[in-house]
Amino acid sequence: MTLAIDSSPLRAIHDAMLARYGPQQWWPADTPFEVMIGAVLTQNTAWTNVERAIGNLRAANCLTLEHILDCPQNELAQLIRPSGYFNIKADRLLHLCRFVAEAGGVEALARRQDHDLRQAVLAVKGVGPETADDILLYAFRRPCFVIDAYTRRILSRIGLIQGKEPYEALRHAIEQALGPDVALYNEYHGLVVRHAKEACSKKPSCKGCCLAEACAHGGRAHGWENV
Ligand code: SF4
């Protein structure tokens, strides 16, 4: 599936959100390895729950590759319990950590080319494209645009996408439109999450939204013509 998205509205959306919210300075983690752990823990849950799970791992001195690999799976599951789906996520964390160890560590992974690294991360059990791109972008600073449910919601309400496009088609179209810009992708995703929480939630607050003038949904909500 070939999909094309215009660059200028995509950039205008970023600029308007940045003007409203300021830099988001993602990802909230101290090390690339911690980003990888957080990327798995944040699957299907809010970040506040991830923070509690990571806090438990840190308090138990279990936030390193070696310590997680040494930790019995049931103990690991209890430590990450606040993140939800803790048995599944413990299994996924162990698969991810075994992958990192077998690859020679985070530093060895960081030497791989973008495509090779992405394919390798995607091959880890429990790592889908969104988690992989979280890891590629925020742990390894590679130009991989993260598509999450918030991205689909906002861009489809605005009218730039349908919302149900395949992940890879959407990622490719956005990356083509924006060019390979790690700093821009980093900020863009953080702003999308912020905007989805502050304004464009399931029931959007369109009044006063920084994207309202460009938004088909917001325009209809305001009764504007020609939107
Ligand atoms: S105008 Fe409403 S629907 Fe459009 S982006 Fe803003 S909050 Fe979302």
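Residues numbered from 1 in each chain as written. Predicted model: local features only at pLDDT ≥ 70, side-chain atom pairs only at ≥ 80, totals over all residues. Heavy atoms only, no water.

Draft legend 1. Structural detail: the domain arrangement of the chain. Splitting the chain by domain gives domain 1 (7-25 + 146-221) and domain 2 (32-139). On a C-alpha basis, the centres of domain 1 and domain 2 stand 26 Å from each other. With eleven residues of domain 1 at the interface, the matching set in domain 2 holds seven residues. Together, the buried faces of domain 1 and domain 2 total about 800 Å²; carbon and sulfur atoms form 58% of this surface. At the surface where domain 1 touches domain 2, the tally comes to two salt bridges. Arg171 is paired through a salt bridge with Asp133; the nearest N and O atoms lie 3.9 Å apart. (Domains from an automatic or database assignment. Contact = heavy atoms within 4.5 Å. Buried area = accessible area lost by both parts, 1.4 Å probe. Salt bridge = Lys/Arg side-chain N within 4 Å of Asp/Glu carboxyl O.)

Draft legend 2. Broad picture of the packing of helix 9 (residues 129-139) against helix 12 (residues 182-198). Running from amino to carboxyl end, helix 9 crosses helix 12 at an angle of 125 degrees, the nearest separation of the two axes being 10 Å. By the angle between their directions, the pair helix 9 and helix 12 is classed as oblique. The interaxial crossing formed by helix 9 with helix 12 has left-handed handedness. Contact residues: Asp134, Leu137 and Tyr138 in helix 9; Val182, Tyr185, Asn186, His189 and Gly190 in helix 12. Considering only residue class, the contact of helix 9 with helix 12 consists of four nonpolar, three polar and one charged. (Axes fitted to C-alpha atoms, helices over the stretch in contact; angles between N-to-C directions. Helix = DSSP H or I, 4+ residues; strand = E, 2+ residues; numbered from the N terminus. Parallel < 35°, antiparallel > 145°, perpendicular 65-115°, else oblique. Left-handed = near helix turned anticlockwise from the far one by under 90°. Nonpolar A, V, L, I, M, F, W, Y, C, P; charged D, E, K, R; others polar.)

Draft legend 3. Focus on the side chain of Glu187. Tracing the sequence through the fold places Glu187 in helix 12. Within the buried core, Glu187 has no salt-bridge partner, and the shortest N-O distance to an opposite charge, that of Arg194, equals 8.1 Å. Once you skip the residues sitting within four places of it in the chain, Glu187 turns out to touch His14, Leu18, Gly22, Pro23, Gln24 and Gln25. (Buried < 20%, exposed > 50% of the residue type's maximum accessible area, 1.4 Å probe, protein only. Lys, Arg positive; Asp, Glu negative; His and termini not counted.)

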